[in-house]
Amino acid sequence: MKFLHPQNLVITFFLFFAILDFYPLAPFMLTLSYLAFAAMALAYLIAHPEINLIDKSNLGPLLFLGFWFAYNGFTLFWAGDKDLVFDYALYIIRYGITFWAFSILFRAEKLRSRMHLLFGTIFLLYMLTAIYELITWRHLPSSRYSGGTHWVPTGPFYGENIFAAFIILLVPFMVFLPKVINRKWLNIISGLFVILCFVIVTIQGARIAMLSLLTFIAYYFIWHTSIKAKLVSLILVASLVAYVVIQFREPITQFQSLFERQAETVTTDAGTLHMSSLQIRKQLIRETVDLAASSWFMGVGGGNYEYEMRSERQSRTAWITNAHNYLMELLGNHGIIIFFWFIFLYGWWALRLYYLYRREEGSKKYVYLMYLSSLLMFIPTSSLPSSIRWNYHIWIYFAAINAISFIPQDSPGTPVQSTEAL
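What this report covers is the structure whose coordinates are included nearby.

What counts and how
Residues numbered from 1 in each chain as written. Predicted model: local features only at pLDDT ≥ 70, side-chain atom pairs only at ≥ 80, totals over all residues. Heavy atoms only, no water. Helix = DSSP H or I, 4+ residues; strand = E, 2+ residues; numbered from the N terminus. Buried < 20%, exposed > 50% of the residue type's maximum accessible area, 1.4 Å probe, protein only. Contact = heavy atoms within 4.5 Å. Areas by Shrake-Rupley, 256 points an atom, 1.4 Å probe, with all protein chains shown as cover. Salt bridge = Lys/Arg side-chain N within 4 Å of Asp/Glu carboxyl O. Expected span 1.5 Å × (residues − 1). Bend = angle between axes of the 7 residues up to and from the residue. Axes fitted to C-alpha atoms, helices over the stretch in contact; angles between N-to-C directions. Left-handed = near helix turned anticlockwise from the far one by under 90°.

**Notes on the overall build of the protein**
And then number 1: A count of helices and strands for the protein gives 17 helices and zero strands.
And then number 2: Going through the 422 residues of the protein one by one, you find that 50% of them count as buried.
And then number 3: Here the contacts in the protein between residues at least 6 apart in sequence split such that 73% fall between residues at least 24 apart.
And then number 4: Per element, the accessible surface of the protein, about 20200 Å² overall, is 70% carbon and sulfur.

So this is what it looks like as structure tokens:
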């Protein structure tokens, strides 16, 4: 049986690990699965020494990760808490191993051409979990609401902001899926899931997610639907809204009140007497730039951002010490070189995907637009939680982005001698 071939079992295990990493039910499971993943990857490399570990498709990101690791160690010379630098070194090692392994795996054309199905499956798991939480008010063991009853969905994550962040990161894979596989009936399912996403992020009070999702939906509706589809969609949505309002008047009134409060806070937060989340995020950016400047833009040391914020600075940020912005976290911890190198890497991926989107035709065109839209969603995704440094699966996502941003002939060979069973 082809499925029982060792290399196919390894591929299946890697993909299963990816789903587990995106769906972290418990910390110990995450650690055990990672150790098993690392052991499997090492065993496969030992059994197949002919595999080209580095090629031009993964060289750039690996150079960044390697320099980041070395620079993190260099910050030991001035970091206030040196133990935190060692902790951050472990994070970077895990990022590097995860990216490296999956960048090699995703060289296989048959895998690369189906990666969107992996992310679509993860998105579907998120939605099913949210539906379960909305119906039962119960939560998974990983949630901060576990053991009690609460109506705010957190999915497989600790808090609602993290869940909202990865919902909007993956929503383009559902929205563009009908165009990629050319199944018109999927438009209805896709539309229903988008509505569900908006309901979820509104309930969560994730205003950045709300605005990002609205912007993306508006872009898709205006530029990627026909006039007929626009009219039919408007009629169906209007009919659905009218039916729901009539049948579920009281819950809808409560939801409307919640939405109005969330929308109102976006424009009125600045005028409130207490510090709003918007004001806090603005102040965190100011404090980050000031921290970086005080270290001559070399960074305060790996993991030392929160350590340095636990001073009079936290009184200006309502006692919030996390950056709540991945770019600011990089700037604060590791300075301007790592900050700009990551921006360059991100921009390089975006430009490559845009070039491929403009070059291709048909369904292939929408594959690249799917990934490009998701990559753009990374900006609000990285600004929603307190930090995404603990969400290691983002480097599986980056490995996929990196792989798909390469024209097939740009990536020489594959590590898999045969992928016929895939």
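Okay, back to it.
**Notes on the pattern of salt bridges**
And then number 1: All chains considered together, the criterion is met by ten salt bridges.
And then number 2: For R144, the salt bridge goes to E160, with nearest N and O atoms at 2.7 Å. On the criterion of sequence distance, the pair formed by R144 in the loop between helix 6 (115-136) and helix 7 (160-175) and E160 in helix 7 is long-range, its members being 16 residues apart.
And then number 3: Overall, the relative accessible area of 44% leaves R144 in the partly exposed class.

**Here we look at helix 7**
And then number 1: Helix length check: helix 7 (16 residues) gives 22 Å between terminal C-alpha atoms against 22 Å at 1.5 Å per residue, within 8%.
And then number 2: Maximal helix bending in helix 7 amounts to about 35 degrees, located at L169; proline P172 follows within four positions.

**Considering the environment of G155**
And then number 1: Mapped onto the elements of the fold, G155 is located in the loop between helix 6 and helix 7.
And then number 2: Residues G155 and P24, 131 residues apart in the sequence, show an inter-C-alpha distance of 9.5 Å.
And then number 3: Beyond its immediate chain neighbours, meaning those up to four positions away, G155 contacts T129, E133, L140, S142 and F163.

**Details of the packing of helix 4 (residues 82-105) against helix 17 (residues 394-404)**
And then number 1: Interhelical geometry of helix 4 versus helix 17 gives an angle of 35 degrees and a closest axis separation of 8 Å. Here helix 4 and helix 17 pass one another in a crossing that is right-handed. Between helix 4, through Y95, T98, F99, F102 and S103, and helix 17, the contact on the second element is made entirely by W395, I396, F398, A399 and N402.

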